[in-house]
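# Secondary and tertiary structure notes
So you can see what is in the structure, the chains are spelled out below.
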Amino acid sequence: MEQALRGAMLIQLFCWRHQIDLGERFTSGTFFTVGELDALLADASKPFSDLHKPASPASIPLRSRRVNSASIGKPLRSLPTKTPAKAVRPPTVRNRLHYATSYLAWLGEREKSRKAFGAPRSNDAYIRAHEYGLRLLEMIEHIEERSPSGGDTSRMSLEPSQVAKLLEVTAPNSALNPWTDPFVRLRNSLIVRWLLGTGMRRGELLGLHVRDFNRGKAYCEIKRRHDDKRDNRRRQPNAKTLERLAPLDEQLVRLGEDYLKARRDLEVARKHGFLIVADDGVPLSENSISAMFALLRDKFPGVGPVSAHVLRHQWNEDFSAYADSIGMDPDEEARERSWLMGWGPASKMPSHYLKRRTKEKADEHVKAMQRRLMKHADEIGYRIGAERKTGEF
């Protein structure tokens, strides 16, 4: 819901910045010019904080500018030199344009239905609506063509050496641990190991209550608690997928028990039920976890591109490797993965990871074939060289 609203917000801010009457454009069916679509892509690549101010006149497409007659004939001033603007990552741009396009399509379909009933003769109305729909589709395709490509996003996990380094520097008793407070050390160690061991999302971890941690049966119960009135965090973390049980082994349970003992010493933490808290006892925020991983990436490049989301991918990679090692049936692997990740029966995510694993295996097999081929070619080369030396070639 938030992403969809941000997509609509992008369109509204873009039209405000570039002096475009969105309602008039959709009523008339003129939509956007090519220059305006390029400007839309530029705005989608900027932080939202930069979109809350009008665009400079030079960046407004000609069709959208209000021409001042007094300025006609005056020489253009050179633009001031600026530092390069900060741009958001291509996946974020792609996500914004996806939802922005969905919003525009919704606006267009609503207007198209009005046109279908707006003429006295049904045939005229049908033709008008059909032509409008074609222009709408053409605009949508132009936006999709400008969206950054997905690229190769198949590798979002860590190398074994990076996982080992991450576990080393976040161990509570490690000399490399960048935090000094004993509680923070213990809590951050739990965060890393629980995310890595269960594959739960950052929001699911932060949404856990103390009672959700069942030490006797060794699991965490992930629940959906949207719009929880007891959660005062501005951005409430929550589960995006189905409710489920996340199993924990003996060491992860023991780590959770040690953390609970330390948590009891925080007076503020005893007044609410959220499990993961800051050092002052208030429920921990998503930004705090992001900052934790940012500090690890900064101080220890050897941990790789680690984040909460990457650790979820890492869990899936580890699960695929384990399934291969025991010869698990692909259908059983997909069912177990869906249950453990909270995906529904119709989800395509299990096949996504299975496809990725199939690609890795295919790559390994073709490289093995190539090594055999090149070994055979080397043997032929050695034989030809020997024959030349003996004059038998």
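Structure: above.
In this report, the structure presented in the accompanying data block is examined. (Residues numbered from 1 in each chain as written. Predicted model: local features only at pLDDT ≥ 70, side-chain atom pairs only at ≥ 80, totals over all residues. Heavy atoms only, no water.)

### Re the overall build of the chain
Of the regular secondary structure elements, the chain holds 13 helices and 3 strands. Split into buried and exposed, the 393 residues of the chain put 39% on the buried side. Long-range pairs, those at least 24 residues apart, make up 67% of the contacts in the chain with a sequence separation of at least 6. For the chain, the accessible surface area stands at approximately 23900 Å², while carbon and sulfur atoms represent 55% of it. (Helix = DSSP H or I, 4+ residues; strand = E, 2+ residues; numbered from the N terminus. Buried < 20%, exposed > 50% of the residue type's maximum accessible area, 1.4 Å probe, protein only. Contact = heavy atoms within 4.5 Å. Areas by Shrake-Rupley, 256 points an atom, 1.4 Å probe, with all protein chains shown as cover.)

### A word on helix α7 (residues 182-198)
Under the 1.5 Å per step criterion, the end-to-end length of α7 is 24 Å for 17 residues, consistent within 8% with the ideal 24 Å. Here α7 lies mainly inside the structure; 15 of its 17 residues are buried. Positive phi appears at Gly 199, one or two residues downstream of α7, with a value of about 75°. (Expected span 1.5 Å × (residues − 1).)

### Quick look at the pattern of salt bridges
Across all of its chains, the model carries 15 salt bridges by this definition. One salt bridge in this structure joins Arg 225 and Asp 212, with 3.0 Å as the shortest N-O distance. Of this pair, Arg 225 sits in the loop between β2 (219-222) and β3 (244-247) while Asp 212 sits in the loop between α8 (202-206) and β1 (213-214); the two residues are 13 residues apart in sequence, bridging distant segments of the chain. Residue classification places Arg 225 among the buried positions, given a relative accessible area of 15%. Owing to a relative accessible area of 2%, Asp 212 belongs among the buried residues under this scheme. For the salt bridge of Arg 235 with Glu 286, the shortest nitrogen-to-oxygen distance reads 2.9 Å. With Arg 235 in the loop between β2 and β3 and Glu 286 in helix α10 (residues 286-299), this pair connects stretches of sequence that are 51 residues apart. (Salt bridge = Lys/Arg side-chain N within 4 Å of Asp/Glu carboxyl O.)

### Focus: the packing of aromatic side chains
Aromatic ring pairs: the centre-centre distance and the angle between the two ring planes describe each pair. For the coordinates displayed, the defined rule picks out 7 aromatic pairs. Centroid distance Trp 194 to Phe 213: 5.3 Å. Interplanar angle 65°. Geometry classified as edge-to-face. Linking Trp 194 in helix α7 with Phe 213 in strand β1, this pair joins segments that are 19 residues apart in sequence. By relative accessible area, which is 0% here, Trp 194 ends up buried. What makes Phe 213 buried here is its relative accessible area of 5%. Centre to centre, the rings of Trp 315 and Phe 319 are 5.1 Å apart; their planes meet at 10°, and the pair counts as stacked. Taken together, the residues Trp 315 and Phe 319, both in helix α11 (residues 308-325) and 4 residues apart, mark about one turn of the helix. In this structure Phe 319 comes out as buried when scored by relative accessible area, which is 9%. Feature note: the residues Phe 26, Phe 31 and Tyr 132 constitute an aromatic cluster, connected by ring pairs. It is Arg 233 that lies over the ring of Phe 274; its NZ or CZ is 4.7 Å from the centre. (Phe/Tyr/Trp six-rings, centres within 6.5 Å; stacked < 30°, edge-to-face > 60°. Lys NZ or Arg CZ within 6 Å of the ring centre and 35° of its normal.)

### Considerations on the pairing of β3
Of the two faces of β3, only one is covered, namely that formed by Arg 244 and Ala 246; the face formed by Leu 245 and Pro 247 stays uncovered. In the sheet, β2 pairs with β3 via 4 bridges, with the strands oriented antiparallel. Bridging from a neighbouring strand, Glu 221 pairs with Leu 245 of β3. (Pairing = 2+ DSSP bridges.)

### Overview of the sheet that holds β3
With respect to topology, 3 strands assemble into an open sheet ordered β1-β2-β3, the strand pairing being antiparallel. Edge strands, defined here as strands with exactly one partner in the open sheet, are β1 and β3.

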